[in-house]
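Architecture and fold: a report
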Amino acid sequence: MAAPMIESTFKSFMCPIKELRLDKTLACGQSFRWKENIPGTWVGVLAGRVWKLKQNENEIFYTTHSKSIQQPTKIEKCPPTKKRRKLTKMGTTEQMTRTIEEKHICCENIGIEGDNELNILSDYLQLSVKLQDLYSQWSLNDPNFRDKSENFQGVRMLRQHPVENLFSFICSSNNHISRISSMVEKLCEHYGEKIIELDGQAYFAFPSISSLAGEGVEEKLRQLGFGYRAKYISSSARYLNENGGEDFLFSLREQPYEEAKQQLMKLNGVGAKVADCVCLMSMDKAEAIPVDTHVWQIAARDYIPKLKQSKSLTDNLYKEIGDHFRSLWGPYAGWAHSVLFTADLKKFKRESPDTKIKEKAKKKKVK
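Thresholds applied
Residues numbered from 1 in each chain as written. Predicted model: local features only at pLDDT ≥ 70, side-chain atom pairs only at ≥ 80, totals over all residues. Heavy atoms only, no water. Phe/Tyr/Trp six-rings, centres within 6.5 Å; stacked < 30°, edge-to-face > 60°. Lys NZ or Arg CZ within 6 Å of the ring centre and 35° of its normal. Salt bridge = Lys/Arg side-chain N within 4 Å of Asp/Glu carboxyl O. Helix = DSSP H or I, 4+ residues; strand = E, 2+ residues; numbered from the N terminus. Buried < 20%, exposed > 50% of the residue type's maximum accessible area, 1.4 Å probe, protein only. Axes fitted to C-alpha atoms, helices over the stretch in contact; angles between N-to-C directions. Parallel < 35°, antiparallel > 145°, perpendicular 65-115°, else oblique. Contact = heavy atoms within 4.5 Å. Nonpolar A, V, L, I, M, F, W, Y, C, P; charged D, E, K, R; others polar. Pairing = 2+ DSSP bridges.

1. Observations regarding the packing of aromatic side chains
The geometry of an aromatic ring pair is captured by the separation of the ring centres together with the interplanar angle, meaning the angle of the planes. Per the stated rule, a full pass over the model turns up 13 aromatic pairs. Through pairs of rings, three or more aromatic residues link up here, namely F13, W51 and Y62. One Lys or Arg, K54, reaches over the ring of F10 and ends 4.2 Å from the middle of that ring. Sitting over the face of the ring of Y228, R229 holds its NZ or CZ atom 4.7 Å from the ring centroid.

2. Some thoughts on the pattern of salt bridges
Counted under the stated rule, the structure contains 18 salt bridges. Taking the shortest distance from any N to any O, the salt bridge between K306 and E320 comes out at 3.0 Å. With K306 in the loop between α13 (293–302) and α14 (315–329) and E320 in helix α14, the pair connects residues that are 14 residues apart, well separated along the chain. In this structure K306 comes out as partly exposed when scored by relative accessible area, which is 48%. Each of K148, R301, D302 and D344 takes part in salt bridges that share partners, so that together they form one network.

3. Considerations on the packing of helix α3 (residues 131–141) against helix α15 (residues 333–343)
At a minimum axis distance of 11 Å, the contact between α3 and α15 shows a crossing angle of 80°. Taken as axis vectors, α3 and α15 run roughly perpendicular relative to one another. Side by side, α3 and α15 meet where L131, L134, Y135 and W138 of the first sit next to W335, A336 and V339 of the second. For the contact of α3 with α15, the residue count by class is 7 nonpolar, no polar and no charged.

4. Considerations on the environment of A230
Along the polypeptide, A230 turns up in helix α9 (residues 229–242). Using a relative accessible area of 0% as the deciding quantity, one classes A230 as buried.

5. As for the packing of α13 against α15
Interhelical geometry of α13 versus α15 gives an angle of 95° and a closest axis separation of 10 Å. The angle between α13 and α15 falls in the class roughly perpendicular. In this structure, α13 uses H294, V295 and I298 to contact α15, whose residues at the interface are H337, L340 and F341. Counted by class, the contact of α13 with α15 contains 4 nonpolar, 2 polar and no charged residues.

6. What to know about the pairing of strand β4 (residues 49–55)
Burial runs high along β4: 5 of the 7 residues are buried. Note: strand β3 (residues 41–46) against β4, 5 bridges, orientation antiparallel. Bridge pairing in β4 places V45 opposite V50. The turn joining β3 and β4, which pair antiparallel and follow one another in sequence, is formed by 2 residues; a positive phi near 55° is taken by A47. With 6 bridges joining them, β4 and strand β5 (residues 59–65) adopt antiparallel strand pairing. Bridge pairing links K54 to F61 in β5. If you look at the hairpin formed by β4 and β5, you'll find 3 residues sitting between the two strands.

As structure tokens, then:
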């Protein structure tokens, strides 16, 4: 017998769509657990709850479901924010200083004392960062960013739980978003705790490190189609289990970027790109630039033409690309990189006005 449909009562807060686009931010390959089950409504698991999110031009609406009354979830220390950050404008000697005040919230009514759900969501969406100010700064420094970002406003970085973020991106090796999503769900179904059945769908929490470090995990994951990634997941979980576990990962938030990256690269299956993804998406290292083949192509096409002559992405080229973008975009370079990465994804290119105009023109020529 199918589970009954559960009615949802949504709460809301003010948030301009230029500060957050759910359809871009939740589907651009940062997190792999959000699904648009109903057009415009996103469902995902966060902090032991099942969430539904939707929005209009000025508001975010949210509701949560869980199997019991949750104890208040610990909100980790917010990303370290310097009162003043210098961003360099390339091609001139001009130094532009932008003041980013701590607790400068981009949306109204965030962080209300006693509303734990709202605090969890605010932390996850990093609503303490005013995205439109960053877009303006990046656009001043970079005409290409200005042009490409016009139709991709509101793409912001999520602040994920390090355990989920790490093991999700171990699954990302030589993989695509839909298959990574499938693998992450398999991890949750087989090793995570069931939260609730909602609208006929069972939802599970992301597994703990200890559950992934258990006996027979590698063999089971191979049976589930994880291939060589099964060994990476099992061995990395065992390593973490023996070296501080979740607390060790959270401690990397307090370490400098390069130190955190090197510590992550000690894990089996974690190279420079995966380490940078984790640094950017869950370790508060906003300057981290994950460079994969896709980003390499963007850099070669729009920023560093000599890269077109390179046959492979060497360690030196990886560093050169990251350093170039950090010099160009400043302390939040990883956020800017994510906007261009999203704008270049095929599924979003098909939706852009320019692409639609070109497709119409091609059809006319065929006729």
